[in-house]
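Per-entry structural report
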Amino acid sequence: MKEQLTDKRKAILDTALTLFTERGFHGTPTSLIAQDAGVATGTLFHYFKTKEELIESLYLDIKKEAGTVLNDAGKSKGDWRKKLDNICMAYAEWGLKNAQKIHFMQQFCYSPFISKATHQEGVSNFLFLIDQITLGIKEGVIRDYPPEIILSIMSSGLMTTILAAAREKDPQKQHDILEQSIDLILYGVLQK
């Protein structure tokens, strides 16, 4: 029974992701989400009391998934350049496979539909990167700017890059866009 409940929640979140990125928040009534997910509207409200709670849950799930991918990539061996390259490429590859999730994060992470507390909770999945950047600054490998700014610039650049690569059909062109963009992003944050 618990597995069925989890499947319904996942169906609602997956459907909401698709509809929100296609139609926006205001253009997506909860009745349409429930209908397309194959559940009753009451079932949707059993899992999420409001549309805002649904958006916040979707946001947090995506942030947690992305944070796990980056954390795993951050455990790689190698010099700073290689480690940052691995983190960026892991995020880019995950994002390319999950372009709709990247689009959703861009669409909603600074919107009024995501509360400040939820935004901070989502960002908490990436605090290990702030620690890594701070260490890189202390070691003289990363430019001496506020770590939060460096992370924000890297994240924004990568999200834009992922969406640009996702528009390409040719896998080689996708790879080239990702590789060149990551090189450019890292050129901006690493010491010469």
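Residues numbered from 1 in each chain as written. Predicted model: local features only at pLDDT ≥ 70, side-chain atom pairs only at ≥ 80, totals over all residues. Heavy atoms only, no water.

The next point concerns the overall build of the chain. Counting its regular elements, the chain contains ten helices and zero strands. Dimensions of the chain along its principal axes, counting C-alpha atoms only, are 55 × 40 × 30 Å. Intrachain contacts of the chain at a sequence separation of at least 6 include 68% that bridge at least 24 residues. Split by element, the accessible area of the chain, about 10,600 Å² in all, is 54% carbon and sulfur. (Helix = DSSP H or I, 4+ residues; strand = E, 2+ residues; numbered from the N terminus. Contact = heavy atoms within 4.5 Å. Areas by Shrake-Rupley, 256 points an atom, 1.4 Å probe, with all protein chains shown as cover.)

On to the packing of helix H9 (residues 147–166) against helix H10 (residues 171–189). With their axes 9 Å apart at the nearest point, H9 and H10 run at an angle of 165° to one another. When the interaxial angle is binned, H9 and H10 end up roughly antiparallel. The handedness of the crossing between H9 and H10 is right-handed. Seen from H9, the contacting residues are Ile150, Met154, Gly157, Leu158, Thr161, Ile162, Ala164, Ala165 and Ala166; seen from H10, they are Gln174, Ile177, Leu178, Ser181, Ile182, Ile185, Leu186 and Val189. In terms of residue class, the contact of H9 with H10 is built from 13 nonpolar, four polar and no charged. (Axes fitted to C-alpha atoms, helices over the stretch in contact; angles between N-to-C directions. Parallel < 35°, antiparallel > 145°, perpendicular 65-115°, else oblique. Left-handed = near helix turned anticlockwise from the far one by under 90°. Nonpolar A, V, L, I, M, F, W, Y, C, P; charged D, E, K, R; others polar.)

As a further point, take H10. Look at H10: 27 Å from first C-alpha to last across 19 residues, which is about the 27 Å you get at 1.5 Å a residue. Buried residues along H10 sit against helix H5 (80–97) and H9. Looking at where H10 begins, the residue whose side-chain oxygen comes 3.1 Å from the main-chain nitrogen of Gln172 is Asp170. (Expected span 1.5 Å × (residues − 1). Polar contact = N/O pair within 3.5 Å; in protein donor to acceptor, adjacent residues only side chain to side chain.)

This next bit is on the nonpolar core. Generally speaking, nonpolar side chains in soluble globular proteins are found buried as a group. With 60 residues, the main nonpolar core has Ile12, Phe20, Tyr91 and Phe104 as its most contacted residues. For Ile12, the residues in contact, after removing those within four places along its chain, are Ile33, Ala37, Val39, Thr43, Leu44, Tyr47, Phe48 and Leu54. (Core = buried A, V, L, I, M, F, W, Y, C linked by side-chain atoms within 4.5 Å. Buried < 20%, exposed > 50% of the residue type's maximum accessible area, 1.4 Å probe, protein only.)

This paragraph deals with the packing of aromatic side chains. Per the counting criterion, the structure on display carries six aromatic pairs. Judged by centre distance (5.9 Å) and plane angle (65°), the rings of Phe20 and Phe108 are edge-to-face. In this pair, Phe20 is assigned in helix H1 (residues 2–23) and Phe108 in helix H6 (residues 99–108), connecting sequence segments 88 residues apart. Look at Phe20 and you get buried, because its relative accessible area is 0%. Taking 4.8 Å as the distance between ring centres and 40° as the angle between the ring planes, the aromatic pair formed by Phe104 and Phe108 counts as tilted. Of this pair, Phe104 and Phe108 both sit in helix H6, separated by four residues, roughly a single helical turn. (Phe/Tyr/Trp six-rings, centres within 6.5 Å; stacked < 30°, edge-to-face > 60°.)

It is worth spelling out the packing of H5 against H9 at this point. Between H5 and H9, the least distance of the axes is 9 Å, while the angle of their chain directions is 45°. With respect to each other, H5 and H9 are oriented oblique. As H5 packs across H9, the resulting crossing turns out to be right-handed. Residues Leu84, Cys88, Tyr91, Ala92, Gly95 and Leu96 of H5 form the contact with H9, whose participating residues are Met154, Leu158, Met159, Ile162, Ala165 and Ala166.

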